[in-house]
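The chain contents come next:
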Amino acid sequence: VMASDGARGILDDPELEHLSGRGFSLRPVANFVLFCIFIVAFTVDSVAYWDSNHGGFARYLERRCEEGPTKLSTVNSAKLFYTFLNTTISDFLYLQHYNSSGLGVPDVGVLPVDDKNFIVGAVRVRMMKVLPNTGCEMGAVYRDLYRYCYPAWGAGLEDRATFGNPDAFVHTVDDEGSSYSGELDRYGPNGFMQYLTTNRTRTGEIVWTMERQGYVTVATRAIFLDFTVWSRDIATYGVVRILFELGPSGTWTNTLRVLPVDSFSIQPTIDTMPVGRALTFALLLAFVLFYAAEELSEFCVAKVEYFRDGWNLLDWVNLILLFVSLMHRALAIAQAGGARFGLRELADPGFYQDAFTLAESVHFVRTLNAFNSVLLWVKVVKYARFLPFVKLFALTIKTAWQAFVSFAFIFIFLFVGFSVSFTVSFGNRLPQLASFGKTLIFLSRSFLGDTDTSVIYESHNLLGGSLLLMFIVGIVLILFNIGRGMFVNSFSEAIGGAEYAKMVNEGADTRRRISAGFWSTFNHWYVQLRMDRKFRQLVPGLYARVMYRRKIARERNTARLQLRRDREDLLATLERVEDEVKEKPRPVATTGAVVRAVAAVEKKEDHEEVDLGPLTFKVNGGKGFGNSTRRGQLAIGSGAAPDTSRSWSPRRKPIGKKGKVTVDLFLDATRTVANNLLVMMEKVSHEVCQEMKEAYTVVSGINDVVEVLNRRAKDLEVQQSQMLVS
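Residue positions are given per chain, counted from 1 along the sequence in the order it is written. Where local features are concerned, this predicted model is filtered to residues with pLDDT of at least 70; where side-chain atom pairs are given and counted, the filter is 80 or more; whole-chain, interface and lining totals use all residues. Heavy atoms throughout the structure, all of them, feed into the side-chain values; hydrogens and water do not.

Engineer: Residues and numbers for the overall build of the protein, please.
Structural biologist: When helices and strands are counted, the protein shows 22 helices and 11 strands. Exposure classes here rest on a 1.4 Å probe applied to the protein chains alone. A residue is buried below 20% of its type maximum, exposed above 50%, and partly exposed in between. Within the protein, the proportion of its 726 residues that are buried is 32%. The contact criterion used is simple: two residues touch if any of their non-hydrogen atoms lie within 4.5 Å. Long-range contacts, defined as pairs at least 24 residues apart, comprise 66% of the intrachain contacts of the protein with a sequence gap of at least 6. Residue burial considers only the protein chains on display, and all accessible areas are found by Shrake-Rupley using a 1.4 Å probe. Accessible surface for the protein amounts to roughly 45,400 Å². Of this, 61% is attributable to carbon and sulfur atoms. Runs of E in the DSSP output that reach at least two residues are strands. Runs of H or I that reach at least four are helices, and both are numbered from the N terminus.

Engineer: Can you break down the environment of Leu 322 residue by residue, with the values?
Structural biologist: Mapped onto the secondary structure, Leu 322 falls in helix H10 (residues 310-339). With 47 residues separating them in the primary sequence, Leu 322 and Asn 369 have C-alpha atoms 7.6 Å apart. With residues near it in sequence (within four places) discarded, Leu 322 still touches Phe 38, Phe 42, Val 288 and Asn 372.

Engineer: Could you give me a rundown of the nonpolar core, with the residues and numbers involved?
Structural biologist: Phe 81, Leu 225, Ile 242 and Phe 244 are the most contacted members of the largest nonpolar core, which totals 40 residues. Those elements giving two or more residues to this core turn out to be helix H4 (52-66), helix H5 (78-93), strand S2 (117-129), strand S6 (191-196), helix H7 (200-212), strand S7 (220-231), strand S8 (236-246) and strand S9 (252-262). Sorting elements by how many residues they give to this core places H5 first, with 7 residues. The residues touching Ile 242, leaving out its near neighbours within four places in the chain, are Cys 65, Leu 72, Phe 84, Ile 89, Ile 223, Phe 224, Leu 225, Thr 255 and Leu 256. One finds Phe 407, Leu 430, Leu 433 and Leu 468 within the second-largest nonpolar core, a separate group that totals 17 residues. What we call a nonpolar core is a set of buried Ala, Val, Leu, Ile, Met, Phe, Trp, Tyr and Cys residues that are connected through their side-chain atoms within 4.5 Å.

Engineer: So, a nonpolar patch on the surface: which residues are in play, and what are the values?
Structural biologist: Patch definition: residues with relative accessible area over 30% and no salt bridge; like charges joined within 9 Å; nonpolar side chains (Val, Leu, Ile, Met, Phe, Trp, Tyr) joined within 5 Å. What makes a salt bridge here is a side-chain nitrogen of Lys or Arg within 4 Å of a carboxyl oxygen of Asp or Glu, nothing more. A contiguous nonpolar patch, built from Phe 393, Ile 397, Trp 401, Val 405, Phe 409, Ile 412, Phe 413, Val 416, Val 420, Val 424 and Phe 436 and spanning about 1,000 Å² of accessible area, is present on the exposed surface. Among the elements that line the nonpolar patch, the one with the most residues is helix H14 (residues 388-426), at 10 residues. Looking at the element boundaries, Phe 409 is found in helix H14. On the accessibility criterion, Phe 409 (48% relative accessible area) is partly exposed.

Engineer: For the packing of H4 against H5, give the residues involved together with the corresponding values.
Structural biologist: Their axes nearest at 9 Å, the elements H4 and H5 cross at an angle of 145°. Along its contact with H4, which presents Leu 61, Arg 64 and Cys 65, the element H5 presents Phe 84, Thr 88, Asp 91 and Phe 92. Each residue receives one of three labels: charged for Asp, Glu, Lys and Arg, nonpolar for Ala, Val, Leu, Ile, Met, Phe, Trp, Tyr, Cys and Pro, and polar for the others, Gly being one of them. Looking at side-chain class alone, the contact of H4 with H5 contains 4 nonpolar, 1 polar and 2 charged residues. All axes are obtained by fitting lines to C-alpha atoms, using only the stretch in contact for helices, and the reported angles, taken between N-to-C directions, cover 0 to 180 degrees.

Engineer: Kindly report on the packing of aromatic side chains, identifying the contributing residues and their values.
Structural biologist: Between rings of Phe, Tyr and Trp, where Trp is taken as its six-membered ring, a pair exists when centres lie within 6.5 Å; planes separated by under 30 degrees are stacked, by over 60 edge-to-face, and by other angles tilted. Taken as a whole and judged by the stated rule, the model has 32 aromatic pairs. Ring geometry for Trp 153 versus Tyr 187: centroids 5.7 Å apart, planes at 45°, classification tilted. Of the two residues, Trp 153 is situated in the loop between S2 and strand S3 (171-172) and Tyr 187 in strand S5 (residues 186-187); the sequence distance between them amounts to 34 residues. Of the residues examined, Tyr 187 reaches a relative accessible area of 2% and is grouped as buried. Relative to Phe 471, the ring of Phe 418 lies with its centre 5.4 Å away and its plane at 80°, an arrangement referred to as edge-to-face. Of the two residues, Phe 418 sits in helix H14 while Phe 471 sits in helix H17 (residues 461-496), which places them 53 residues apart along the sequence. With a relative accessible area of 13%, Phe 418 lands in the buried category. By way of ring pairs, the aromatic residues Phe 407, Phe 411, Phe 415, Phe 418, Phe 422, Phe 426, Phe 447, Phe 471 and Phe 480 are connected into one cluster.

Engineer: Just give me the short version of the pairing of S2, but keep the residues and values in it.
Structural biologist: In the case of a regular strand, side chains alternate between the two sheet surfaces. The buried count for S2 comes to 13 of 13 residues, which makes it a mostly enclosed element. As judged from the 10 bridges shared by S2 and S7, these two strands associate in the antiparallel manner. Within S7, the residue paired with Lys 129 across the bridge is Thr 220. Between any two strands, pairing holds if DSSP finds at least two bridges. Sheet analysis places S2 next to S6, joined by 5 bridges and oriented antiparallel. By the bridge assignment for S6, Met 127 is matched with Phe 192.

Engineer: So, H5: which residues are in play, and what are the values?
Structural biologist: How far a helix is expected to stretch is found by multiplying one less than its residue total by 1.5 Å. For H5, spanning 16 residues, the distance from its first C-alpha to its last is 21 Å, which sits close to the expected 22 Å at 1.5 Å a residue. Values of bend correspond, residue by residue, to the angle between axes fitted over the seven residues ending at that residue and the seven starting there. Along its length, H5 reaches its greatest deviation from straightness, about 35°, at Phe 84.

Engineer: Let's hear about helix H12 (residues 356-378): which residues, and what values?
Structural biologist: For H12, spanning 23 residues, the distance from its first C-alpha to its last is 33 Å, which sits close to the expected 33 Å at 1.5 Å a residue. By the largest-angle criterion, Asn 372 marks the main kink of H12, which is about 25°.

Engineer: Outline unusual backbone geometry, supporting the account with residue identities and numerical values.
Structural biologist: In most cases, non-glycine residues show a negative phi, while peptide bonds are predominantly trans. Positioned with a positive phi, Asn 133 is a non-glycine residue whose angle comes to about 55°. Mapping Asn 133 onto the fold places it in the loop between S2 and S3. The phi dihedral of Lys 303 is positive, around 60°, even though this residue is not glycine.

Engineer: Tell me what's going on with the confidence of the model for the protein, and back it up with residues and numbers.
Structural biologist: Along the chain, pLDDT gives the predictor's confidence residue by residue, from 0 to 100. When pLDDT is averaged across the protein, the result is 75; 72% of the residues are at 70 or more. The low-confidence segment residues 97-108, where pLDDT is below 50, has 14 contacts with residues more than four positions distant or belonging to other chains.

Engineer: Outline the pairing of S6, listing residues and values.
Structural biologist: Counted residue by residue, S6 has 5 buried out of 6 residues, so it is predominantly covered. Both S3 and S6 contribute to a ladder of 2 bridges, which runs antiparallel. Looking across to S6, one finds that Thr 172 is bridged to Gly 191.

Engineer: Before we move on, can you summarise the environment of Asp 452 with the specific residues and values?
Structural biologist: Within the secondary structure, Asp 452 is located in the loop between helix H15 (436-446) and helix H16 (454-459). Placed 10 residues apart in sequence, Asp 452 and Phe 442 show a C-alpha to C-alpha distance of 9.3 Å. Polar contacts involving the side chain of Asp 452 include one to the side chain of Ser 454, which spans 2.5 Å. What qualifies as a polar contact is a pair of N or O atoms within 3.5 Å, subject to a donor-acceptor requirement within protein and to the restriction that residues adjacent in sequence count only when both atoms come from side chains.

Engineer: Explain the pattern of salt bridges to me, using residue names and the numbers behind them.
Structural biologist: All chains considered together, the criterion is met by 12 salt bridges. With a shortest N-O distance of 3.2 Å, Arg 124 and Asp 226 are connected by a salt bridge. Here the residue Arg 124 occupies a position in strand S2, and Asp 226 occupies one in strand S7, the gap between them amounting to 102 residues. Close ionic contact of Glu 205 with Arg 202 constitutes a salt bridge, the shortest N to O distance being 3.5 Å. In this pair, Glu 205 and Arg 202 are both assigned in helix H7, 3 residues apart and thus about one turn of the helix distant. Under the relative-accessibility criterion, Glu 205 is labelled partly exposed at 42%. What you see here is one network of salt bridges that share partners, running through Arg 124, Asp 174, Asp 226 and Arg 241.

This is the structure we're talking about:
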């Protein structure tokens with residue numbers, strides 16, 4: 001099988017044959033391509049897990065719960081809590097002028113929020129309270145005035161006793177639920193539960209009973225409102241949880257959380273299963289097993305040396321997170337499949353199934369993927385080491401990691417100290433600094449300019465201003481600039497080191513080898529498969545246009561080469577003429593003007609100007625200068641008046657013996673010498689410029705080295721002075 005001209009030209013290139021020969025391996029490129037496939041599959045799977053409609057659906061539910069007749073943020077007492085249930089939640093649950101037949105919804109099992117969204121099952125109200133006189137102290141002075149005290153929420157302090165008349169509220173254990181962390185504490189899945197159904201009258205009676213029987217008391221520490229909304233058009237569940245936390249000091253902390261989840265995560269069936277997600281899940285699992293086996297094999301070979309490479313540790317962190325994410329997703333799907341969510345809710349309007357645990361599992365997977373995506377994209381540096389700038393980045397980190405670790409420790413110590421200081425000073429005045437964790441977040445946001453620090457100054461002018469000044473000067477101005485200087489210094493040392501020069505040379509050689517190997521492989525398969533014939537059979541019109549363009553390109557290339565050869569022949573001819581002029585004796589012209597010109601050149605000294613006389617165009621037989629000028633008649637002479645009887649005509653043949661040089665040949669030789677001088681001057685100027693650039697580069701390198709040596713000498717001098725003092 002014969003290859004095309006382009007393919008045969010590439011295959012016959014001796015440089016490519018040398019580079020693609022023994023010692024070259026495509027393994028780094030194959031690993032890089034394989035990792036790119038893996039990271040693209042992971043990215044597609046992570047992005048597909050979230051739809052832009054999910055965010056809009058969640059914001060819509062949040063607005064309906066927060067901006068009702070009784071706003072969620074205004075609930076700060078038991079009375080307002082019952083008002084919130086009777087107004088905002090009631091309006092959310094029960095549409096005014098609702099016509100089930102017009103919406104195409106059955107009369108039981110679902111409550112329409114609007115014409116597109118429906119509540120599946122009942123709304124669960126769950127209350128948790130603490131035991132009296134346990135874990136709290138009233139003090140000796142007030143012990144006789146008050147019989148009971150109620151502590152903050154904690155482990156072992158939950159009150160499970162039935163209360164109400166007659167036994168209206170019973171403590172219920174939820175085996176399928178999970179613990180939940182609020183703003184104040186972490187709460188279990190159990191409590192005193194009430195259910196609001198599709199019957200509005202029955203719901204009103206339940207709320208009235210709760211208010212009359214004292215459902216919310218001074219012992220109450222948390223109230224949960226849980227329900228699930230189904231969006232018909234986007235096939236998504238919105239799992240809603242409203243939490244009211246009642247502190248022992250009388251404060252109410254209200255939070256709302258909406259977790260949108262697609263139907264496959266809660267109802268994993270063949271009908272709801274996306275084919276692309278199933279394929280990417282299987283592909284990711286295969287990649288995880290493949291890379292885990294590769295790391296294990298590398299560990300078996302390298303033993304202890306394996307853990308000295310930081311990339312290996314990053315690989316294991318990445319693989320563990322991926323494996324946990326995949327297994328957590330599989331368990332969530334299995335749990336949702338066993339629960340058969342939605343079937344019982346349609347049959348029983350008063351039934352509630354906790355979907356928040358499933359929704360949290362799905363969002364936990366998204367959180368792991370969000371963190372893991374950073375690690376995966378950083379690992380591109382590991383597989384793209386043949387790129388020069390990637391190697392420079394790795395070399396910079398290798399040079400500066402010890403300095404960066406020291407800087408990180410200093411920053412952490414100072415940052416923790418300032419966080420404790422702000423918490424102790426303003427925790428009782430400002431809610432954003434109420435705890436150590438909130439203070440850490442507040443100060444971290446200040447680095448991005450996302451906080452209003454004026455509230456600290458307004459709270460206490462002297463103390464707040466002093467702490468803010470020390471924080472800005474100590475961390476923002478001094479410490480951050482030190483870290484930036486450390487990075488710049490490490491970067492300059494990495495560039496100036498011998499390892500970087502060796503790395504650049506190896507990278508250039510690797511890129512040539514990769515390019516050669518790629519084209520050799522491509523041409524091999526091109527020849528084997530005869531792609532040109534198949535291309536001609538499938539699309540003959542396009543093939544004809546491509547061949548025509550190639551023909552035009554070949555003709556242009558041929559013309560360009562021919563022009564280059566003609567130019568080279570012309571230059572060779574001019575050089576030959578110049579050599580002939582140098583070898584032949586001085587010409588003796590028989591024309592009077594030429595004789596006078598040559599005599600004038602011989603008589604003049606080097607520093608004098610040669611007078612060749614006026615150059616005029618004259619008509620034969622004309623009298624004087626400038627009369628009846630005509631192109632083609634040239635007279636050369638001294639300043640005297642010309643002899644018209646002996647005027648020279650260009651039509652006459654030059655007078656002289658064989659072997660003499662005419663005026664035209666003399667002018668051609670002069671032009672040739674001038675052109676050669678110009679070419680030589682251009683070459684000399686180019687060489688001078690190159691030498692100047694190289695000298696500038698060397699001087700710059702010497703300057704950097706001198707600066708580094710000067711800096712180290714000063715540091716050594718300071719250390720010696722300190723040693724002498726000590």
